[in-house]
Amino acid sequence: MVEQDFEKGRRLPFPDLVILDRDGVINQDSSAYIKSRDEWIPIPGSLEAMARLHQAGVKIGIATNQRGIALGLYDHQALEEMHQKMTALLSDVGGAIDEIAFCTADDPLHPDRKPNPGMLLTIIKALDLPQTSVIYFVGDKSSDVAAAENATLQSDYRVIPVLVRTGNGIKSEKKLNDRERLTYNDLASFVDALLFDSSDLSALSTEE
Ligand SMILES: [Mg+2]
């Protein structure tokens, strides 16, 4: 499948850090919220893609709005169990997560609630990355794209938004069709593109 790049013919810069939205990117989302360990079901290929990134030396963060806790639909214990399941399944395929940030607030003005960039900036700071770092944020909603843009506006880092068509992604793509941006069918396709581009670059440099 040929994917659409926002700058055609340009290679994707190899990342220092890839931050991921959770629901609709790593696992199946539901309009009824993901409320338990049993409801947390990975999207096919997503965990393997995270493992490939990890093995390529890329740091991985997760930034997830979890206002279902503020709404009383599940509690911190249930969220912890979901993340234990995610971490265990990821470990089984050779992956690991460097930082997980979540925001349980329902208040749209909360600095951590996407589209606000608080969680992204917290992850970047926790990993102590230089300002020249290449950082992507992969999400399935317009609020994810906006969070990446806001992180760039409100810090000295550049966070490149990536939209995937899993979860709410197809709806978001229609809503966001005003501008070109990196858009992939799913997380696995994005990681394929990232790692293919970089292996291709190293192949070129050894020929010189
Ligand atoms: Mg999502």
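Quick caveat: nothing in here was measured; it's all calculated off a predicted structure.

### As for the confidence of the model for the chain
Fine structural detail should not be taken from predicted coordinates in areas where pLDDT scores are low. For the chain, the average pLDDT comes to 91, and 89% of its residues sit at 70 or higher. Taken as a whole, residues 1-7 scores under 50 in pLDDT and shows 11 contacts with residues more than four places along the chain or in a different chain. Predicted confidence for residues 202-208 stays below pLDDT 50, and this span has zero contacts to residues more than four positions away or in other chains.

### Focus on the sheet that holds strand β1 (residues 17-20)
As summarised here, the arrangement of the six strands in space is β3-β2-β1-β4-β5-β6, forming an open sheet in which the pairing is parallel. Bordering the open sheet on either side are β3 (99-103) and β6 (182-184), each of which pairs with just one other strand. Direction aside, the axes of adjacent strands within the sheet are offset by 20° on average. Relative to strand β5 (residues 159-164), strand β4 (residues 135-139) is paired through five bridges, and the arrangement is parallel. Opposite V138, over in β5, you have V162 as the bridge partner. In the packing of helix α3 (residues 118-126) onto the sheet, contacts are made with β1, β2 (59-65), β3, β4 and β5, and the angle to β3 comes to roughly 155°.

Parameters and conventions
- Residues numbered from 1 in each chain as written.
- Predicted model: local features only at pLDDT ≥ 70, side-chain atom pairs only at ≥ 80, totals over all residues.
- pLDDT = per-residue confidence, 0-100.
- Contact = placed C-beta atoms within 7 Å.
- Pairing = 2+ DSSP bridges.
- Helix = DSSP H or I, 4+ residues; strand = E, 2+ residues; numbered from the N terminus.
- Axes fitted to C-alpha atoms, helices over the stretch in contact; angles between N-to-C directions.

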